[in-house]
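Observations on the model geometry
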Amino acid sequence: QRQMCIRDSPNPNQRAVVLLGQLERAEVREHAQQARLALDVAQLRRLPFLVSVLVPTSPNRRWAHRSLYECFKRQRWPHKELVVLETGGDGAASAFWRNAARNDGRVRYVYEAQDMNLGPKRNRFLEFVRGAVVAQFDDDDLYAPRYLDTMVAALLEPCLDDLDCVDDVALR
């Protein structure tokens, strides 16, 4: 069973989600304690948190997919996957994303011919993600290389000051 905690990020338009069902509470506590000893991003990058980057998209946004993939590849967070859910269109899956998924083990591409609004797409993502931390990239935005670092640091910051928050988060 997966439990979710949604935390506000430094950017009020973005949220990060932690799927706690994939990590034991003791494991989260242990890694938060390690990061607390050295509060820097380099230390956080050593944590074994897989960050799942979700991209809800549609065929009419394919013009932006190459730059989005480049932004993902440049992210400095080492443990990451890109999950692209493309819906709608003429029934033809994206050759670009099929190639990316075939050549880069961090990329997973799902195409569904039935069009979906953003909310149902986000819910559908929970079936595909493997990461303990979830972030979303908009398909037409650009992301600096430290974006995921910043999001993970903001997400874990309360736990670095108060390790009991891990228990609080797990109970939500």
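Before going into details, it helps to say that this report is about the structure given with it. (Residues numbered from 1 in each chain as written. Predicted model: local features only at pLDDT ≥ 70, side-chain atom pairs only at ≥ 80, totals over all residues. Heavy atoms only, no water.)

1. Concerning the overall build of the protein chain
Spelled out, the test is: Strands here mean DSSP runs of E at least two residues long; helices mean DSSP runs of H or I at least four residues long; both are numbered from the N terminus. The classification of residues rests on relative accessible area computed with a 1.4 Å probe and restricted to protein chains. Under 20% of the type maximum is buried, over 50% is exposed, and intermediate values are partly exposed. When checking whether two residues touch, look at their non-hydrogen atoms; a contact exists if any pair is within 4.5 Å.
When its secondary structure is counted, the protein chain shows seven helices and six strands. Secondary structure elements of the protein chain, listed N to C terminal, follow the sequence β-β-α-α-β-α-β-α-β-α-β-α-α. Burial analysis of the protein chain (172 residues in total) assigns 47% to the buried set. Restricting to contacts in the protein chain with at least 6 residues of sequence separation, those with at least 24 account for 75%.

2. Considering the packing of helix 3 (residues 65-74) against helix 4 (residues 95-103)
The cut-off we apply is this: Between N-to-C directions, angles cover 0 to 180 degrees, with each direction set by a line fitted to C-alpha atoms, over the stretch in contact for helices. Should an angle fall under 35 degrees it is called roughly parallel, over 145 degrees roughly antiparallel, and 65 to 115 degrees roughly perpendicular, with every other angle called oblique. For any helix crossing, the convention is left-handed if the near helix is rotated counterclockwise from the far helix by under a right angle, and right-handed if that rotation is clockwise. Residue classes follow a fixed rule: Ala, Val, Leu, Ile, Met, Phe, Trp, Tyr, Cys and Pro count as nonpolar, while Asp, Glu, Lys and Arg count as charged, and any other residue, Gly among them, counts as polar.
The interhelical angle for the contact between helix 3 and helix 4, taken along N-to-C directions, is 25°, at an axis separation of 10 Å. As summarised for this structure, helix 3 and helix 4 are arranged roughly parallel, according to the angle between their axes. Note that helix 3 runs across helix 4; the crossing there is right-handed. In contact with H65, R66, L68 and Y69 of helix 3, helix 4 contributes F96, W97 and A100. Residue classes in the contact of helix 3 with helix 4 are distributed as five nonpolar, one polar and one charged.

3. Examining the packing of aromatic side chains
The condition is simple: Any Phe, Tyr or Trp ring, taking Trp's six-membered ring, that has another such ring centre within 6.5 Å forms a pair; planes under 30 degrees apart are called stacked, those over 60 apart edge-to-face, and the others tilted.
Using the criterion set out here, one finds six aromatic pairs in the structure. The interplanar angle of 80° and the centroid separation of 6.0 Å between the aromatic rings of Y69 and W97 together place this pair among those described as edge-to-face. Taken together, the positions of Y69 in helix 3 and W97 in helix 4 put the pair 28 residues apart, joining distant regions of the chain. Classification of Y69 by relative accessible area gives buried; the value is 10%.

4. Concerning the nonpolar core
Put simply, the rule is: Here, the term nonpolar core denotes a set of buried Ala, Val, Leu, Ile, Met, Phe, Trp, Tyr and Cys residues that are joined through side-chain atoms within 4.5 Å.
The biggest cluster of nonpolar side chains holds 27 residues, and the ones touching the most others in it are V51, V53, Y69, L82, W97, F137 and L148. Top element by residues in this core is helix 6 (residues 147-161). It accounts for six residues. With residues up to four places along the chain from it excluded, the contact list for F137 reads V53, L54, V55, P56, L68, F72, Q75, Y143, Y147 and L148. Core analysis: the second largest hydrophobic core is formed by eight residues, L54, V83, L85 and V110 among them.

5. Things to note about the pairing of strand 5 (residues 107-112)
Every other side chain in a regular strand lies on the same face of the sheet, so the side chains alternate between the two faces. Stated precisely, the cut-off is as follows: DSSP calls a pair of strands paired once it identifies at least 2 bridges connecting them. A clockwise path from the first strand over the helix to the second, with the strands pointing away from the viewer, defines a right-handed crossover.
Burial of strand 5 is extensive: five of the six residues sit out of reach of the surface. Where strand 4 (residues 80-87) lies against strand 5, six bridges are found, and the strand directions are parallel. The residue bridging T87 from the neighbouring strand is E112, located in strand 5. Crossover strand 4 to strand 5 through helix 4 is right-handed.

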